Amino acid sequence: AQKITQTQPGMFVQEKEAVTLDCTYDTSDQSYGLFWYKQPSSGEMIFLIYQGSYDEQNATEGRYSLNFQKARKSANLVISASQLGDSAMYFCAMRMEYGNKLVFGAGTILRVKS
Amino acid sequence: GAGVSQSPSNKVTEKGKDVELRCDPISGHTALYWYRQSLGQGLEFLIYFQGNSAPDKSGLPSDRFSAERTGGSVSTLTIQRTQQEDSAVYLCASSPAGGPRTDTQYFGPGTRLTVL
């Protein structure tokens, strides 16, 4: 069975600094996708970034980048130049090839301090 | 364009009553998903619809839960004889293709269900 582990229940970061949110996963499959979502206090899940298991380069989307280390089964999210609006819950999720559901981690609450 | 919409945004009901939650996916998306987010259980997959295929109901927690998708678009999640443990946020998502690992799911704002 697939499993996602986010070991940081909560994180603080100073505005304008970078922060790394950890995510490790467990699967025996070779083909899978890894996703990060942001959930602000309003409750909506916002898609941030995607990394495929066969992608050789780390994914980047604006201030978001994914530090993908396949051998370690980790897919950490890096947010550069943190902003107050980045304060939210962040979820790491995985989807198998031709699977359907996303399997989510427990999430990390990020608080950006001014 | 318009995102996934869900209604109602909040629903308070009494134990034992039936409730219906609605999801309107992004136009053109063939796949639709329901998840439940509760304090103790995190985000749990409930059910998945893909085109005209039989839905994957493997995540439904009991036979009190059912869902349908009419005309390949709008979906309704029904919970019969609600229990207090059904209190949660019910999230709907849709995706363009539903199959490949690259297929990204886009979520609606959720329905917060409170069972008194």
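So, a few notes on the structure that sits alongside this text. (Residues numbered from 1 in each chain as written. Chains lettered and ligands numbered in written order. Predicted model: local features only at pLDDT ≥ 70, side-chain atom pairs only at ≥ 80, totals over all residues. Heavy atoms only, no water.)

For any pair of aromatic rings, geometry is given as the distance between the ring centres together with the angle between the planes. With the rule as written, the count across this model stands at 15 aromatic pairs over all chains. Among the aromatic side chains, those forming a connected cluster through ring pairs are Phe35(A), Tyr37(A), Phe47(A), Tyr50(A), Phe91(A), Phe104(A), Tyr33(B), Tyr35(B), Phe45(B), Tyr48(B), Tyr106(B) and Phe107(B). Against the face of Tyr64(A) rests Arg63(A), its NZ or CZ located 5.8 Å from the ring centre. (Phe/Tyr/Trp six-rings, centres within 6.5 Å; stacked < 30°, edge-to-face > 60°. Lys NZ or Arg CZ within 6 Å of the ring centre and 35° of its normal.)

If you add up the space inside the largest pocket, you get close to 660 Å³. Every residue lining the largest pocket is counted, 27 residues in all, and those nearest its centre are Gln39(A), Gly43(A), Gln37(B), Val89(B) and Arg112(B). Of the residues that constitute the lining of the largest pocket, the class distribution is 12 nonpolar, 13 polar and two charged. (1 Å grid on protein atoms, 1.4 Å probe; cavity = no way out; pocket = protein on both sides within 12 Å on 5 of 7 lines; lining within 4 Å. Points joined across faces, edges and corners; volume = space filled by probe spheres on them. Nonpolar A, V, L, I, M, F, W, Y, C, P; charged D, E, K, R; others polar.)

Another aspect to go through is the interface of chain B and chain A. On the chain A side, the residues contacting the 20 residues of chain B number 24 residues. In this assembly, chain B packs against chain A so that about 1,800 Å² is buried in total across both faces, 54% of it on carbon and sulfur atoms. Between the two partners, chain B and chain A, sit one salt bridge. Between Asp103(B) and Arg95(A) there is a salt bridge; the shortest N-O distance is 4.0 Å. Counting only elements with at least two residues in the side of chain B that touches chain A, the list comes to β4 (31-38), β5 (42-50) and β9 (106-107) of chain B. (Contact = heavy atoms within 4.5 Å. Buried area = accessible area lost by both parts, 1.4 Å probe. Salt bridge = Lys/Arg side-chain N within 4 Å of Asp/Glu carboxyl O. Helix = DSSP H or I, 4+ residues; strand = E, 2+ residues; numbered from the N terminus.)

Covalent bonding between the sulfur atoms of two cysteines defines a disulfide. Residue and element names in this part refer to chain B. Scanning all chains against the criterion turns up two disulfides over all chains. The disulfide partner of Cys23 is Cys92, and the S-S distance across this bridge is 1.8 Å. Taking the torsion about the sulfur-sulfur bond, which here is approximately -65°, the covalent link between Cys23 and Cys92 counts as left-handed. Residue Cys23 is found in strand β3 (residues 19-24), and its partner Cys92 is found in strand β8 (residues 88-95); the two are separated by 69 residues along the sequence. The exposure class of Cys23 is buried, given its relative accessible area of 0%. Accessibility expressed as a relative area gives 0% for Cys92, which makes it buried. (Disulfide = S-S within 2.5 Å. Buried < 20%, exposed > 50% of the residue type's maximum accessible area, 1.4 Å probe, protein only.)

Attention shifts here to the sheet that holds strand β1 (residues 5-7) of chain B. Residue and element names in this part refer to chain B. If you walk across this open sheet you meet the four strands as β1-β3-β7-β6, and the pairing is antiparallel. In the strand order of this sheet, the two ends are held by β1 and β6 (65-69), each with one partner. Geometrically, the sheet is characterised by an average inter-axis angle of 15° between neighbouring strands, direction not taken into account. Bridge count between β3 and strand β7 (residues 75-79): five bridges; the pairing is antiparallel. Directly across from Val19, in β7, lies its bridge partner Ile79. (Pairing = 2+ DSSP bridges. Axes fitted to C-alpha atoms, helices over the stretch in contact; angles between N-to-C directions.)

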